[in-house]
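As a plain string of letters, each chain reads:
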Amino acid sequence: MADTNTDKAPATLEEANEAIAKLRKALDAERTDHTATRAKVGLSAADDEAVEKIVAARLAPAKAESDAALSAATTERDKAVAERDAIRAERAAEKVEGAIGAALGASALIKDNAPDATAMMRGLFHLDSAGAVVTKGGDTGEAAGMTPAQFVASRLTALRGHWFPKSVGGGASGGSGRGGPSGDVSVFDPASPRYSITGQALYERRFGMDRARQAARQFGVTLAGEGRR
């Protein structure tokens, strides 16, 4: 019979797999030997049970070693999977946090309100299948697929208007008009059906050039004629 004893548990998953393969080979050899022995001596059905007990006793150490190797391999696999998932979650959280911070930093948000705004937005965003930071949708109560910049421009200003300045430069009026203190900035969003050069001009006339420029930059847009000013 092959020697199936070992002095130590396998240290790696590869070693564990090799040990399991070796033990299975030993078990198969034991069963083959037992079948050959029965054929030679002509064991009766009554004797067969006793022989099976003897074989089971001989195989017990090998089975225990096989179980230990499988348990060690499973534990190592589960640990590796948990570590991988933790790293992925940490990196995703960092990316979401960075995108939120960039969107808030590019907006007209009063800086003292940044911590509250970040806390509010943090649970609304995740990484989609393409790795982009967008709103989750679903139970959050917000539409899915908005970028942080789009959310700040179209939702945060409406939900928390007091987090933004109540007055704007350029002699424009305050924030009592339609769309909150920052107005309807969707006219600057090329992805919005409300995108409009005329609408941008009206926004600039109402809220001032500085606020219009800030709104446009959230969507990577340059104001018409801005280069001539």
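Residues numbered from 1 in each chain as written. Predicted model: local features only at pLDDT ≥ 70, side-chain atom pairs only at ≥ 80, totals over all residues. Heavy atoms only, no water.

Visitor: What exactly am I supposed to notice about the nonpolar core here?
Guide: Here is a general trend for soluble globular proteins: nonpolar side chains tend to be buried in one another's company. The biggest cluster of nonpolar side chains holds 18 residues, and the ones touching the most others in it are Leu104, Met121, Phe125, Phe151, Val152, Leu156 and Phe164. Going through the elements one at a time, helix H2 (45-106), helix H3 (114-122) and helix H4 (148-159) are the ones with two or more residues in this core. Not counting residues up to four positions away in its chain, the partners in contact with Phe125 are Val96, Ile100, Val133, Val134, Thr135, Lys136, Met146, Thr147, Pro148 and Phe151. (Core = buried A, V, L, I, M, F, W, Y, C linked by side-chain atoms within 4.5 Å. Buried < 20%, exposed > 50% of the residue type's maximum accessible area, 1.4 Å probe, protein only. Helix = DSSP H or I, 4+ residues; strand = E, 2+ residues; numbered from the N terminus. Contact = heavy atoms within 4.5 Å.)

Visitor: How do you make sense of helix H6 (residues 209-217) when you look at a structure like this?
Guide: Turn by turn, an α-helix covers 3.6 residues, leaving residues three or four places apart pointing in a common direction. Buried within H6 are the following residues: Arg211, Ala212, Arg213, Ala215 and Ala216. Packing partners of the buried residues in H6 comprise helix H5 (197-207).

Visitor: Whenever I open this one, the packing of aromatic side chains confuses me. Can you help?
Guide: What describes a pair of aromatic rings is the distance from one ring centre to the other and the angle between the planes of the rings. The tally for this structure, following the rule as stated, stands at 3 aromatic pairs. Measuring from centroid to centroid gives 5.8 Å for Phe125 and Phe151, while their planes differ by 85 degrees, and the two rings are edge-to-face. Here Phe125, found in strand S1 (residues 125-127), pairs with Phe151, found in helix H4; they are 26 residues apart in sequence, far enough to count as distant. Taken together, a centroid distance of 4.7 Å and an interplanar angle of 45 degrees make the contact between Tyr203 and Phe207 tilted. Taken together, the residues span about one helical turn, with Tyr203 and Phe207 both in helix H5 at a distance of 4 residues. Here the two residues Tyr203 and Phe207 agree in accessibility, since each one is buried. Ring pairs connect the aromatic residues Phe188, Tyr203 and Phe207, which therefore count as one cluster. Over the ring of Trp163 we find Arg160; its NZ or CZ atom is 5.6 Å from the centre of that ring. (Phe/Tyr/Trp six-rings, centres within 6.5 Å; stacked < 30°, edge-to-face > 60°. Lys NZ or Arg CZ within 6 Å of the ring centre and 35° of its normal.)

Visitor: Help me understand the packing of H3 against H4 in this model?
Guide: The description of two helices packed together rests on the angle between their axes and the distance between the axes. Viewed as axis vectors pointing N to C, H3 and H4 meet at an angle of 110 degrees, and their least axial separation amounts to 12 Å. It follows from the interaxial angle that H3 and H4 lie roughly perpendicular. Considering the relative orientation of H3 and H4, their crossing is right-handed. Together, Ala117, Met120 and Met121 of H3 and Pro148, Phe151, Val152, Leu156 and Leu159 of H4 make up the contact between the two elements. Looking at the contact of H3 with H4 residue by residue, the classes come out as 8 nonpolar, no polar and no charged. (Axes fitted to C-alpha atoms, helices over the stretch in contact; angles between N-to-C directions. Parallel < 35°, antiparallel > 145°, perpendicular 65-115°, else oblique. Left-handed = near helix turned anticlockwise from the far one by under 90°. Nonpolar A, V, L, I, M, F, W, Y, C, P; charged D, E, K, R; others polar.)

Visitor: Is there a simple way to explain the pattern of salt bridges in this structure?
Guide: Opposite charge on two side chains lets them pair, provided their charged atoms get close. Applying the stated criterion to the full structure yields 5 salt bridges. Here Glu97 ties to Arg122 by a salt bridge, and the two come within 2.8 Å at their closest N and O atoms. Of this pair, Glu97 sits in helix H2 while Arg122 sits in helix H3, placing them 25 residues apart in sequence. You can call Glu97 partly exposed: its relative accessible area is 30%. One salt bridge connects Glu142 with Arg155, and the closest N-O pair in it is separated by 2.8 Å. Here Glu142 is found in the loop between strand S2 (133-135) and H4, whereas its partner Arg155 is found in helix H4, with 13 residues between them in sequence. Given the relative accessible area of 12%, Glu142 is considered buried. (Salt bridge = Lys/Arg side-chain N within 4 Å of Asp/Glu carboxyl O.)

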